[in-house]
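Observations on the three-dimensional arrangement
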Amino acid sequence: MARDNDLQVPHPDLVATGWFRQFWGPSGAFPVQLVGVLTSGEYVYFRARGSEIKLNIATSEEDVFSACCPTTFRKDCEVNEDNPFGASMLDPACAVELIKNWLTEYFRAKALLSESA
């Protein structure tokens, strides 16, 4: 996974989870992004821009950036006079909480699937 020079260092709250082999972000604006690889090998891509906030999880780097990514968590964000940029200016702390919540949900679902197999 290539590191984009515009992305900053990993957020310490996400480092503390121990879930990532490597990652950068969340950082930036227009969009706010995080890219990384979980310790289990899946690729993750978080993006907050305009009216959409989403986290993609896939087994390949190519698929994680695809419009038809196999696992996507999504939250809509209203764009209006009071919030003209929508999710594009999402606070990194809010992004971290969303990422942690969605990854927790993902890991729970993955554990349930492996138990039933």
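Computed from a predicted structure; not experimentally measured.

On to the confidence of the model for the protein chain, then. Per-residue confidence for the protein chain gives a mean pLDDT of 89; residues scoring 70 or more make up 92%. Taken together, the stretch residues 1–7 has pLDDT below 50 and engages in 16 contacts with residues farther than four places along the chain or on a different chain.

The subject of this paragraph is a nonpolar patch on the surface. On the surface, F30, F85 and M89 cluster together into a nonpolar patch covering about 310 Å² of accessible area. Mapping F30 onto the fold places it in the loop between β1 (20–27) and β2 (32–38).

The next subject is the pairing of β1. Where burial is concerned, most of β1 is hidden: 6 out of the 8 residues are buried. With 5 bridges joining them, β1 and β2 adopt antiparallel strand pairing. Across the sheet, the residue bridging to Q22 is V37, located in β2.

Turning next to helix α3 (residues 92–116). With 25 residues, α3 should reach 36 Å at 1.5 Å per residue; the first-to-last C-alpha distance of 36 Å fits that figure. Within the span of α3, buried status applies to A95, V96, L98, I99, W102, L103 and Y106. As for α3, its buried residues are in contact with α1 (12–15), β1, β2, β3 (43–49), β4 (52–58) and β5 (71–76). The backbone nitrogen of A93 lies 2.7 Å from a side-chain oxygen of the residue at the head of α3, namely D91.

The rules behind these values
Residues numbered from 1 in each chain as written. Predicted model: local features only at pLDDT ≥ 70, side-chain atom pairs only at ≥ 80, totals over all residues. Heavy atoms only, no water. pLDDT = per-residue confidence, 0-100. Contact = heavy atoms within 4.5 Å. Patch = residues over 30% accessible without salt bridge, like charges linked within 9 Å, V, L, I, M, F, W, Y side chains within 5 Å. Areas by Shrake-Rupley, 256 points an atom, 1.4 Å probe, with all protein chains shown as cover. Salt bridge = Lys/Arg side-chain N within 4 Å of Asp/Glu carboxyl O. Helix = DSSP H or I, 4+ residues; strand = E, 2+ residues; numbered from the N terminus. Buried < 20%, exposed > 50% of the residue type's maximum accessible area, 1.4 Å probe, protein only. Pairing = 2+ DSSP bridges. Expected span 1.5 Å × (residues − 1). Polar contact = N/O pair within 3.5 Å; in protein donor to acceptor, adjacent residues only side chain to side chain.

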